[in-house]
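Letter by letter, the chains look like this.
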Amino acid sequence: MSNEAILHEADVHTSHSNGHHDEHVHHHKETFLTKYVFSQDHKMIAKQFLITGIIWAFLGGMMSVLFRLQLGYPETTFPWLEDILGHWAKGGKIQPEFYYALVTMHGTVLVFFVLTAGLSGTFANFLIPLQIGARDMASPMLNMLSYWFFWLASIIMLSSLFVQTGPASGGWTSYPPLSALGGASEGSKAGVDLWIISMALFVVSSLLGGLNYISTILNMRTKGMSMTRVPLTIWALFFTAVLGVLSFPVLLSGFILLLFDRHAGTSFYLSDIYLASGEALPNEGGSAILFQHLFWFLGHPEVYIILLPAMGMVSEILSTNSRKPIFGYMAMVGSLFAIAILAFLVWAHHMFVTGLNPFLGSVFVLLTLLIAVPSAIKVFNWLTTLWRGNIRFTPGMMFSIGFVSLFISGGLTGIWLGNSSLDIHLHDTYFVIAHFHIVMGVASFFGMFAGIYHWFPKMYGRYMNNTMAYVHFWITMIGAYLIFWPMHYEGLAGMPRRYLDYSSWESFKQFAELNRFISTVAMIVFAVQLLFVFNFFYSIFKGRKVTSQNPWGSNTLEWTTPIRPGHGNWPGEIPEVHRWAYDYGKDGREFIPQTEPVGANESAH
Amino acid sequence: MVTNSILKQYTGAPMGNGGQRKKIHPYKFTLWVGIGSIIMMFAGFTSAYIVKREQPGWIGFSMPMLFWYSTAAILLSSITMQMALRAFKSREMGRYRNLLLITTALGVLFILLQVAGYYQLNHMGVRVEGSGSGVFFIIIFGLHALHVAGGIVALAVMVFRALSSTRRSYDVVPVEVTATYWHFVDLLWVYLFVFFLLIQ
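Residues numbered from 1 in each chain as written. Chains lettered and ligands numbered in written order. Predicted model: local features only at pLDDT ≥ 70, side-chain atom pairs only at ≥ 80, totals over all residues. Heavy atoms only, no water.

Enquirer: Sorry, what's going on with the overall build of chain A here?
Expert: Looking only at helices and strands, chain A features 18 helices and two strands. Computed over the C-alpha atoms, the radius of gyration of chain A is 25 Å, within 12% of the 25 Å expected from 2.2 N^0.38 for a compact globule of 605 residues. Principal-axis analysis of the C-alpha atoms places the extent of chain A at approximately 80 × 55 × 50 Å. Split into buried and exposed, the 605 residues of chain A put 62% on the buried side. In chain A, once contacts between residues fewer than 6 apart in sequence are set aside, the share between residues at least 24 apart is 77%. Approximately 22,300 Å² of chain A is accessible, and the part contributed by carbon and sulfur atoms is 68%. Distance between charge centroids for chain A: 11 Å, based on 31 positive and 34 negative side chains. (Helix = DSSP H or I, 4+ residues; strand = E, 2+ residues; numbered from the N terminus. Rg over C-alpha atoms; globule rule 2.2 N^0.38 Å. Buried < 20%, exposed > 50% of the residue type's maximum accessible area, 1.4 Å probe, protein only. Contact = heavy atoms within 4.5 Å. Areas by Shrake-Rupley, 256 points an atom, 1.4 Å probe, with all protein chains shown as cover. Lys, Arg positive; Asp, Glu negative; His and termini not counted. Charge placed at Lys NZ, Arg CZ, Asp CG, Glu CD.)

Enquirer: What am I meant to see in the overall build of chain B here?
Expert: Counting its regular elements, chain B contains six helices and zero strands. Secondary structure elements in chain B, listed N-terminal to C-terminal, are α-α-α-α-α-α. Across the 200 residues in chain B, those meeting the buried criterion constitute 51%. About 9,500 Å² of surface is accessible on chain B, with carbon and sulfur atoms providing 67% of the total.

Enquirer: It is not clear to me how unusual backbone geometry should be interpreted in this structure. Could you clarify?
Expert: Peptide bonds are trans in most cases, and residues, glycine excluded, mostly fall at negative phi. Residues and elements named next belong to chain A. Cis peptide bonds are those with omega within 30 degrees of zero, and the linkage from proline 176 to proline 177 qualifies with 5°. On the secondary structure map, proline 177 appears in the loop between α6 (140-160) and α7 (190-219). The phi dihedral of arginine 388 falls on the positive side, at around 55°, and the residue is not glycine. Within the fold, arginine 388 resides in the loop between α12 (372-386) and α13 (395-417). When its relative accessible area of 74% is taken as the criterion, arginine 388 is described as exposed.

Enquirer: Even after reading the chapter, I still don't get the packing of aromatic side chains, so can you show me in this structure?
Expert: Given two aromatic rings, their pairing is described by the distance between the two centres and the angle made by the two planes. All names here are of chain A. Inspection of the entire model under this criterion finds 86 aromatic pairs over all chains. We note lysine 47 situated over the ring of tyrosine 460; from NZ or CZ to the ring centre the distance is 4.8 Å. The lysine or arginine in question, arginine 544, covers the ring of tyrosine 463, its NZ or CZ lying 4.3 Å from the ring centre. (Phe/Tyr/Trp six-rings, centres within 6.5 Å; stacked < 30°, edge-to-face > 60°. Lys NZ or Arg CZ within 6 Å of the ring centre and 35° of its normal.)

Enquirer: Whenever I open this one, a nonpolar patch on the surface confuses me. Can you help?
Expert: All names here are of chain A. Together, Leu369, Leu383, Ile408, Leu412, Ile415, Trp416, Leu422 and Leu492 make up an exposed nonpolar region whose accessible area comes to about 630 Å². By residue number, the principal contributor to the nonpolar patch is α13, which donates four residues. Note on placement: leucine 422 falls in helix α14 (residues 420-426). Residue leucine 422 is classed as partly exposed on the basis of its relative accessible area, which comes to 39%. (Patch = residues over 30% accessible without salt bridge, like charges linked within 9 Å, V, L, I, M, F, W, Y side chains within 5 Å. Salt bridge = Lys/Arg side-chain N within 4 Å of Asp/Glu carboxyl O.)

Enquirer: When you look at the environment of leucine 31 of chain B in this model, what are you seeing that I'm missing?
Expert: Residue and element names in this part refer to chain B. Among the secondary structure elements, leucine 31 is positioned in helix α2 (residues 26-53). Taking the C-alpha atoms as reference points, leucine 31 and threonine 178, 147 residues apart in sequence, are found 9.4 Å from one another. Not counting residues up to four positions away in its chain, the partners in contact with leucine 31 are Val177, Thr180 and Tyr181.

Enquirer: Please clarify how helix α4 (residues 93-123) of chain B should be interpreted in this entry.
Expert: Turn by turn, an α-helix covers 3.6 residues, leaving residues three or four places apart pointing in a common direction. An ideal rise of 1.5 Å per residue puts 45 Å on 31 residues; α4 of chain B measures up with 45 Å between its terminal C-alpha atoms. Positive backbone phi, approximately 95°, marks glycine 125 of chain B, located one or two places after α4 of chain B. (Expected span 1.5 Å × (residues − 1).)

Enquirer: It is not clear to me how the pattern of salt bridges should be interpreted in this structure. Could you clarify?
Expert: Think of it this way: side chains of opposite charge can pair up when their charged atoms draw near. Evaluated as defined, the whole model comprises 14 salt bridges over all chains. Among the salt bridges present, the one from arginine 95 of chain B reaches glutamate 92 of chain B, with a minimum N-O distance of 3.7 Å. Using a relative accessible area of 38% as the deciding quantity, one classes glutamate 92 of chain B as partly exposed. Through salt bridges with shared partners, a single network forms among Asp428, Arg497 and Arg498 of chain A.

Enquirer: What's the story with empty space enclosed by the protein in this structure? I'm lost.
Expert: Residue and element names in this part refer to chain A. Counting across every chain of the model gives eight cavities of 30 Å³ or more. In this structure, the largest cavity occupies an estimated 1,100 Å³ of space. When residues of the lining of the largest cavity are traced back to their parent elements, those giving at least two are α3 (42-72), α5 (96-132), α15 (430-460), α16 (466-492) and α18 (512-542). Counting residues per element, the lining of the largest cavity draws most heavily on α15, at 12 residues. Taken together, the residues that form the lining of the largest cavity break down as 35 nonpolar, 11 polar and three charged. Size it by volume and the second largest cavity reaches roughly 200 Å³. Thr116, Ser120, Ser206, Gly210 and Tyr213 are the residues nearest the centre of the second largest cavity, which is lined by 20 residues in total. Breaking the lining of the second largest cavity down by element, the ones donating at least two residues are α5, α7 and α8 (232-263). (1 Å grid on protein atoms, 1.4 Å probe; cavity = no way out; pocket = protein on both sides within 12 Å on 5 of 7 lines; lining within 4 Å. Points joined across faces, edges and corners; volume = space filled by probe spheres on them. Nonpolar A, V, L, I, M, F, W, Y, C, P; charged D, E, K, R; others polar.)

Enquirer: Which parts of the structure should I look at to understand the packing of α3 of chain A against α5 of chain A?
Expert: Each pair of packed helices can be described by the angle between their axes along with the distance between the axes. Residue and element names in this part refer to chain A. Look at α3 against α5: their axes get within 8 Å of each other, and the N-to-C directions meet at 155°. Considering their axes alone, α3 and α5 lie roughly antiparallel with respect to each other. Crossing geometry of α3 relative to α5 is assigned as left-handed. Its residues assigned to classes, the contact of α3 with α5 comprises 22 nonpolar, 10 polar and one charged. (Axes fitted to C-alpha atoms, helices over the stretch in contact; angles between N-to-C directions. Parallel < 35°, antiparallel > 145°, perpendicular 65-115°, else oblique. Left-handed = near helix turned anticlockwise from the far one by under 90°.)

This is the structure:
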């Protein structure tokens, strides 16, 4: 007992700069507020990000169910929708304005609030200090602020759903002029202002988090933990943070200019606009393409911000549960690095059809297709890690293997879309929807699920229920393919995205049954996610208790902490590291933790 | 036993992780990464300026004299900041306090000159309305001034701490972090000034 008190004193000190030593002589007591709400413990902040992310994922997923209802059953009316949604579903049919609001918010919520904040916010916070051997982040204070800026951004985004004119509805990319002119549509009014403010706060949150992740990884590793010994999760989270820190500020500058166009009468993005009433706007000399450049300079790195953490966690989980070292550790790091560099050089492949100079386009085609090289290296390394492994099919492992499958099938269509000539046909069709949902959306979700199932015992000291987890895996896996695979065909046939109702087009009528099928599967898959959410919350309180310190037989440092670590992570000294994280199946031993010194007749790694 | 080891950690390395010597303090490192991210934001703005300049309806500007003075003020403040840091390191607290006060005053002077320079621009017909260069100034110079104001707040806190008689701190990290940031906003201004001077 006295030990705990002393330890607690110690980590209060260690989490501040040494200029504050004299302040903490008094005994520090944790209240509900400092432990669960304004916590500076990275593990609690991770859980805050995770649970906020789950709430957002529920809302974002629900939105997709609503618009899939419209797409699958365009003729049918659902009177109960009007009871819930009021004038947005007049007569039981989703109104066009609301449909656009739904797709916009679905994209914004899932890309930023779930797969950026919920994914890297959770696992960077949780895993970085635990896996590199640090008591907390470089600045626990900034870390706490990072969560609360995210919270504020969430509240503002949520409140935009309730304004009279509805939330932003110009697409998650918020291209001007639709987003710059309040008169353009109902969803371009107050909704867009709230959207921009919320996103600006979100950028601040990401930056504060990213700064912390980078300096923690580079400065606070325990003794012996060289950069070539850190687990691949850490490398992935490091590159994710670098991408975020360099690209989010550019997005912010784009948003500031957009805000001026909306309210100060400037013409950054506006030029030669005629309203439907015949009136001409005075703006001239603006360029809507400028916004697209600023947006996609973030927007493309953003997809890797989403994907890299999943890649890192999958590498770690695959190796642990194959009981084999990761194949090609340095190649994995190198390919992460290559992806991070290329992420900044390919943004214009989102803009092939904006009138981009074809010569410039061909440069971007080349750079885009180059990404296939590091991606293929990663895929080969994952497969060779699995090859002849002693595989344990834990739920985390299932989702990791699922991730590899989705990354392959979604990545291959990227090669199609990266060609500027093919893109003329495929741009803004369901082919694009299918591509990015599989490779970025569902794959990253699988990485996130894998991470949650794998590290849940460390987070809460309990296991999640396996039966529910397997049901969750199989239905999600099969469902994801059933939803998105057919969309490739629709896209190849030219079916455009963002349309409310396809039944009046002769060319797209043929897909009515297919759309209904997709919608049905989407609803089933959504229901299974509710099973996951139930499993998650149920297991926090009632799950089977973890009784051993290292339930997966893993090498990394987080499993050397107590089953329920306090703030400061290790009672006593932080362990020293003597080897890399992937000594599985070595010298006749199943696994050798990183803390074990290298033996006399053993080669060091 | 445990108590001993913890005490050793807590008095040893700055962040108490295993007594490993650190080359750079995490706060300083965090600042450097933050600087990288601020640079990206201004790079976004200046590249938007370059793109926008090619569009129809563009109106240029000529650099008012006042911005030369503000440049001189902020360059001078960087020198006094560096001298203050040196004074702090050699424990000349009186000198440190005075130099810090001068730096703060020069920072405030810089912002006042920027505001005056902006009005001078307005006077010369460079306005926010329309599609000319005018609107960039309020955004770029305004955001830069906000970053300087942040530095002034940090300086004010340092002055307040230096004046306080109840607490005495000889920890150099906060002073170094503030100094680095101050030099950064100075250099950022020099970049913006040269950029607009060359492009006007």
